[in-house]
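# What the coordinates show
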Number of protein chains: 2
Amino acid sequence: MSVTAASGFAAAGVVAGLKSSGKRDLAIVQNLGPLQAAAAVFTTNRCKANPVLWSEQVIGDGIVSAIVLNSGGANCYTGARGFQTTHETAEAVAERLEVSGGDVLVCSTGLIGEQLDLDLLKAGVWDATLAITTDSGVSEAAGLAAAEAIMTTDTRAKQARMSSPEGWTVGGMAKGAGMLAPGLATMLVVITTDAVLNSEQLDTALRAATRVTFDRLDSDGCMSTNDTVALLGSGASGVEPAAEAFADALTSVCRDLAEQLQADAEGASHDIAIEVVNAASEDDAVEVGRAVSRSNLFKAAIFGNDPNWGRVLAAVGTTSAEFDPYGIDVAINGVQVCSAGEPDQPRDLVDLAPRAVHVLIDLHAGPATATILTNDLTHDYVHENSAYAS
Amino acid sequence: MSVTAASGFAAAGVVAGLKSSGKRDLAIVQNLGPLQAAAAVFTTNRCKANPVLWSEQVIGDGIVSAIVLNSGGANCYTGARGFQTTHETAEAVAERLEVSGGDVLVCSTGLIGEQLDLDLLKAGVWDATLAITTDSGVSEAAGLAAAEAIMTTDTRAKQARMSSPEGWTVGGMAKGAGMLAPGLATMLVVITTDAVLNSEQLDTALRAATRVTFDRLDSDGCMSTNDTVALLGSGASGVEPAAEAFADALTSVCRDLAEQLQADAEGASHDIAIEVVNAASEDDAVEVGRAVSRSNLFKAAIFGNDPNWGRVLAAVGTTSAEFDPYGIDVAINGVQVCSAGEPDQPRDLVDLAPRAVHVLIDLHAGPATATILTNDLTHDYVHENSAYAS
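Please read all numbers here as calculations on a predicted model, not as lab measurements. Numbers given to residues run from 1 along each chain, matching the order in which its sequence is written. Key to labels: chains lettered from A, ligands numbered from 1, both in the order written. Local features in a predicted model are, by the rule used here, given only for residues with pLDDT of at least 70; side-chain atom pairs are given and counted only at 80 or more, and totals for whole chains, interfaces and linings are based on all residues. To obtain the side-chain values, all non-hydrogen atoms of the structure were included, while hydrogens and water were left out.

### What about the overall build of chain A?
The condition that has to hold: Put simply, DSSP H or I for four residues or longer makes a helix, DSSP E for two residues or longer makes a strand, and each gets a number counted from the N terminus. Our radius of gyration is a C-alpha quantity, and the globule rule it is checked against amounts to 2.2 Å times the number of residues to the power 0.38. Throughout this description, buried means an accessible area under 20% of the type-specific maximum (1.4 Å probe, protein chains only), exposed means over 50%, and partly exposed covers the range between. Here a residue-residue contact requires only that any non-hydrogen atoms of the pair lie within 4.5 Å. Each accessible area value is a Shrake-Rupley result obtained with a 1.4 Å probe; residue values ignore everything except the protein chains displayed when judging cover.
The helix and strand inventory of chain A stands at 10 helices and 15 strands. Here chain A has a C-alpha radius of gyration of 22 Å; the compact-globule value for 390 residues is 21 Å, and the two agree. Considered along the principal axes of its C-alpha atoms, chain A spans approximately 65 × 50 × 35 Å. For chain A, the residues scored as buried account for 63% of the 390 residues in total. Across chain A, the fraction of contacts at a sequence separation of at least 24, relative to all contacts at a separation of at least 6, is 79%. About 12,800 Å² of surface is accessible on chain A, with carbon and sulfur atoms providing 51% of the total.

Pasting the structure below:
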């Protein structure tokens, strides 16, 4: 169960023919109401894809009736014709679902710089809306089909849900495998809830949740042009949630999906959590964790099961965070390899055979902490990303 | 010919036993005068190795009598004992060459977090100073031996020279293969000249030359803890050069060495020049070129001979440079693949079989330009850097 876990939502995932593999490549999620409240956050990349430019307008009034997502093409750097393709896709959905085109979000993912086939998109929209308007659109299977339709190099569909004893639910789906970097990681995420909340409340909760989840996932340092996280509220549960309880549930669903993205990152053989503690500020902790997560040398060492902690410190030293360079401790998987700038326990004691790797960096500079999630740099990453367009 | 090309310098490279391979691993370059003017620039990494901390003190008065360099260990994050090792190495050189220990620069390269063997270092210093004080110390062979002794994963020694019709010479040697990133690339460089210049003049010329050469080489985005570029002036030619002529010659030697570093970068199969033109400022041009040079996705695509220009724009979009996201042109190896944010020539026309790759990014925002040199991201890079410590 994902986007259809909350009541008041229907979904579909169909084969439009945009992917050469012949797999599902177009999804629609419809908000059946009674509310049509929504919030969304988008990539901070200045080179934004056409669907992002479109959706930033749509979200302006906080009302979203449906969202249509395609894999098989990013529709980015495709000029006026590309924007027209996004617009007409939204209008096609609107006509079939009898809503306003201005209330339809559009998301695309795939190769940059290639036009999408509008005829294929329209036929896919027809099929998806046909499926969605039948009873099957609110089923678990429909949610799964939608989650499958947004996959690119993902090896599995990503879904999460969390239900409150108060009687409301948050559910979500995500895609993302390469180009996973902060603000946001490269990904499309749709989260639905039947809690009774207006668009301002959704927006506040969404920004708070993404800040500590998706924005702290940095698989390969590359920021996408198409990232979108949308949160749709139907109000169908009739229950107004406690603000904190909803924030917790939303953050939990976002974290679950972020960890699924990390676990399925292209070619990765280790999931690395870089925990920075005793930083002067949360920004410092994030900056330090981010710098380590972007060190190709560190990431290649982890791939080779080599606890090369000097590469951690070399990355820390490139930041402007507050610390004494010779007052830093580093532990890897529980072994204190560096204390106050000197070798401590032998590096041979570190076991990097497990997929999960924990790097603990103690800056001894203050009370703040943050954890950045990343992956190792592997032969498979290089292979997958050198063959992407071919 | 490298550091011994200019008159007034002697050099040696010997086997001290620091490298398990049994290859040369300790070099000394001595300034025989009459001047002992010097300048140096160091890594901007805040986590600096002990030899950098030492050498920053030595260079303070602009007088350097000799420089001792070792491979086989970075002597970084080795605590008070590591600093003592650096200090005693300098004193050992000073005693043998009858100069002051406070006028001996020290450079080290290799693994971080391991102590160097001081006895091996001292024996190596003995051998090197013995060689250097014979006639052979000023020979071409001596310069080559020194250049070989500083190699780590370098596959070849890197030397350059430039002689002026005015009668003075600039020569240099460099090492660097991984951890090549700006401010500076990871490397040790020693440049010598017999032109008559004081330390202030050398400093000005060195900073100007490194800014547009070594600082624009960004092979893998990782900044080292040990980078040092030293320029020693003997004045032995007796000729005071025209400032501009010397600046040109020095920049030329630095560029030659930087290009040799790029050509020998770990595991690389393409040398990529990212030229940013019509930027609002030189800083903007450098920021944009640097962002592209750090995109693993772009670099993996080039490895796969895939002219995936969308990944260029996705990287450009992460910068704060002035530009209209839909007013950018991109050409790869002479093929205009993107014009004003739309696909132009078919990407299939781009031939990426040659090792040299030229990416031209036109920001249409002003008069400034800069070129960043980088490499592709390959299986061999991952392999070499996952096996480094083993």
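Let's pick the thread back up.
### A look at the UniProt feature "binding site: substrate" (unreviewed entry) in chain A
Our working definition: UniProt positions are given in the numbering used here, feature names are shortened, and annotations may be inferred rather than shown by experiment.
Using the residue numbers shown here, the UniProt feature "binding site: substrate" (unreviewed entry) corresponds to A:T152, A:K175, A:T186, A:E266, A:N385 and A:S390. Mapped onto the secondary structure, A:E266 falls in the loop between α6 (243–263) and β10 (271–279). Tracing the sequence through the fold places A:N385 in helix α10 (residues 379–386). Looking at A:N385, the relative accessible area reads 1%, which means it is buried. Other than its neighbours up to four places away in sequence, A:N385 contacts A:E266, B:L297, B:A300, B:A301 and B:R311.

### Topic: the relation of the copies chain B and chain A
Each of the two chain copies goes to the other by way of a rotation about an axis and a shift along it. Our working rule: Least-squares superposition aligns the copies on the C-alpha atoms of those residues with pLDDT at or above 70 in both.
With an RMSD of 0.0 Å, the operation that places chain B on chain A is a rotation of 180 degrees combined with a shift of 0.0 Å along the axis. Taken together, the rotation angle and the small translation identify this as a two-fold axis. Among all residues of chain B, the minimum C-alpha distance to the rotation axis is found for B:H379, at 2.7 Å. Taken together, the interface assignments show that 100% of the residues at the interface of chain B recur at the interface of chain A, consistent with an identical surface on both copies.

### Here's the deal with helix α3 (residues 118–132) of chain B
Count 3.6 residues to each turn of an α-helix, and residues three or four apart come out pointing the same way. Residue and element names in this part refer to chain B. Short version of the rule: Under the convention used throughout, the expected extent of a helix is 1.5 Å for every residue step, that is, one less than its residue count. An arc is given here, and it is the one of the directions from the helix axis to the C-beta atoms. Here a polar contact is recorded for every N or O atom pair within 3.5 Å, except that within protein the pair must consist of a potential hydrogen donor and a potential acceptor, and residues adjacent in sequence are included only if both atoms are side-chain atoms.
Between its terminal C-alpha atoms α3 stretches 20 Å, which fits the 21 Å expected from 15 residues at 1.5 Å a residue. Among the residues of α3, L118, L121, G124, V125, A128, T129 and I132 are the ones counted as buried. Taken around the axis of α3, the buried residues stretch over an arc of 130 degrees, which confines them to a single face. The elements touched by buried residues of α3 are β1 (9–14), β2 (26–31), β4 (66–70) and α2 (79–97). By the N-cap criterion, in which a side-chain oxygen at the helix start approaches the backbone nitrogen of a residue two or three places on, α3 is capped by D117, the distance to D119 being 3.0 Å.

### A closer look at the packing of aromatic side chains
The geometry of an aromatic ring pair is captured by two quantities: the separation of the ring centres and the angle between the planes. Applied cut-off: The criterion for an aromatic pair is that two Phe, Tyr or Trp rings (for Trp, the six-membered ring) have centres within 6.5 Å, with stacked assigned to planes under 30 degrees apart, edge-to-face to planes over 60 apart and tilted to the rest. Both a distance and an angle decide whether a charge sits over a ring: NZ of Lys or CZ of Arg must be within 6 Å of the ring centre and within 35 degrees of the ring normal.
Scanning the entire structure with this criterion turns up eight aromatic pairs over all chains. Note on A:Y326 and B:Y77: the rings are 4.8 Å apart at their centroids and 35 degrees apart in plane angle, and the pair reads as tilted. Here the residue A:Y326 occupies a position in the loop between α9 (309–316) and β11 (329–332), and B:Y77 occupies one in the loop between β4 and α2, the pair thus bridging two chains. The buried category is assigned to B:Y77, whose relative accessible area is 1%. Through a chain of ring-to-ring contacts, the aromatic side chains of A:Y77, B:W309 and B:Y326 assemble into a single cluster. One residue, A:R96, lies across the ring of A:W126, its end atom 3.7 Å from the ring centre. Sitting above the plane of the A:F323 ring, B:R46 keeps its charged end 3.9 Å from the centroid.

### Description of the interface of chain B and chain A
To keep it simple, the criterion reads: When two parts are put together, the accessible area they lose, computed with a 1.4 Å probe and summed over both, is reported as buried area. Basic side-chain nitrogens of Lys or Arg form a salt bridge, by our definition, when they fall within 4 Å of a carboxyl oxygen of Asp or Glu.
Facing the 56 residues of chain B at the interface are 56 residues of chain A. The junction of chain B with chain A conceals about 4,700 Å² of combined surface from both sides, 59% of it contributed by carbon and sulfur atoms. Counting the surface chain B buries against chain A, the share from its top three residues, B:R46, B:Y77 and B:L297, is 17%. The interface formed by chain B and chain A contains two salt bridges.

### Focus on the environment of B:D154
All names here are of chain B. By secondary structure assignment, the location of D154 is in the loop between α4 (140–149) and β6 (158–163). The exposure class of D154 is buried, given its relative accessible area of 7%. For D154 and K175, which are 21 residues apart along the polypeptide, the C-alpha to C-alpha distance reads 6.8 Å. At 3.0 Å, the side chain of D154 and the backbone nitrogen of T152 are in polar contact. Only 2.8 Å separates the side chain of D154 from the side chain of K158, close enough to count as a polar contact.

### Quick look at the domain arrangement of chain A
Residues and elements named next belong to chain A. Put simply, the rule reads: Here the limits of each domain have been adopted from an automatic or database domain assignment.
Considered domain by domain, chain A is made up of domain 1 (9–263) and domain 2 (271–386). Here domain 1 and domain 2 have C-alpha centroids that lie 33 Å from each other. With 14 residues of domain 1 at the contact, the number on the domain 2 side is 17 residues. Buried area between domain 1 and domain 2, summed over both chains or domains, comes out near 1,300 Å², and the portion from carbon and sulfur atoms is 37%. The largest contributions to the domain 1 side of the interface with domain 2 come from R216, D218 and Q262, which together make up 52% of the buried area. Taken together, the connections running from domain 1 to domain 2 amount to three salt bridges. The partner of E282 in a salt bridge is R211, with the nearest N and O atoms 2.9 Å apart.

### Concerning the side chain of B:R216
Mapped onto the secondary structure, B:R216 falls in the loop between α5 (199–211) and β9 (228–233). Setting aside its immediate chain neighbours within four residues, B:R216 contacts B:R211, B:E282, B:V286, B:R290, B:A370, B:T371, B:I372 and B:L373.

### Brief notes about the sheet that holds β1(B)
Residues and elements named next belong to chain B. So the rule is basically this: Whether two strands pair depends on DSSP finding at least two bridges between them. Where helices are involved, their axes are fitted lines through C-alpha atoms of the stretch in contact, as for all axes, and angles between N-to-C directions lie from 0 to 180°.
Ordered in space as β1-β2-β4-β5, the four strands form an open sheet in which the pairing is mixed. For this open sheet the edge positions go to β1 and β5 (104–108), each flanked by a neighbour on one side alone. This sheet shows a mean twist of 10 degrees between the axes of neighbouring strands, independent of strand direction. The pairing of β2 with β4 spans five bridges and is classified as antiparallel. Paired with L26 across the two strands is N70, which belongs to β4. The strands touched by α4 are β1 and β2; relative to β1, the strand with the most contacts, the crossing angle is about 50 degrees.

### Points about the side chain of A:K299
To be explicit about the condition: Only four residue types enter the charge count, namely Lys and Arg as positive and Asp and Glu as negative; His and the chain termini do not.
Note on placement: A:K299 falls in helix α8 (residues 296–303). For the buried A:K299, which has no salt bridge, the nearest side chain bearing the opposite charge is A:D218, at an N-O separation of 6.0 Å.

### Digging into the sheet that holds strand β8 (residues 188–193) of chain A
Residue and element names in this part refer to chain A. An order of β3-β9-β8-β7-β6 is seen for the five strands of this open sheet, with the pairing classed as mixed. For this open sheet the edge positions go to β3 (37–42) and β6 (158–163), each flanked by a neighbour on one side alone. Strand-to-strand, the axes of this sheet are offset by a mean angle of 10 degrees, without reference to chain direction. Across the sheet, helix α4 (residues 140–149) is in contact with β6 and β7 (169–175); its angle to β6 comes to roughly 140 degrees. Helix α5 (residues 199–211) rests against β3, β8 and β9 (228–233) of the sheet, and its axis sits at about 30 degrees to β3.

### Details of the pairing of strand β7 (residues 169–175) of chain B
Residue and element names in this part refer to chain B. Across the seven residues of β7, seven count as buried, placing the element largely inside the fold. Where burial is concerned, the two faces of β7 agree: the one with T169, G171, M173 and K175 and the one with V170, G172 and A174 are both buried. The pairing of β6 with β7 spans six bridges and is classified as antiparallel. Along β7, the bridge assignment pairs R161 with G171. Where β6 folds back onto β7 in an antiparallel hairpin, the turn is made up of five residues, including G167, whose phi is positive at roughly 110 degrees.

### Describing the pattern of salt bridges
Across all of its chains, the model carries 24 salt bridges over all chains by this definition. Among the ionic contacts, a cluster of salt bridges with common partners joins A:D154, A:R156, A:K158 and A:D264.

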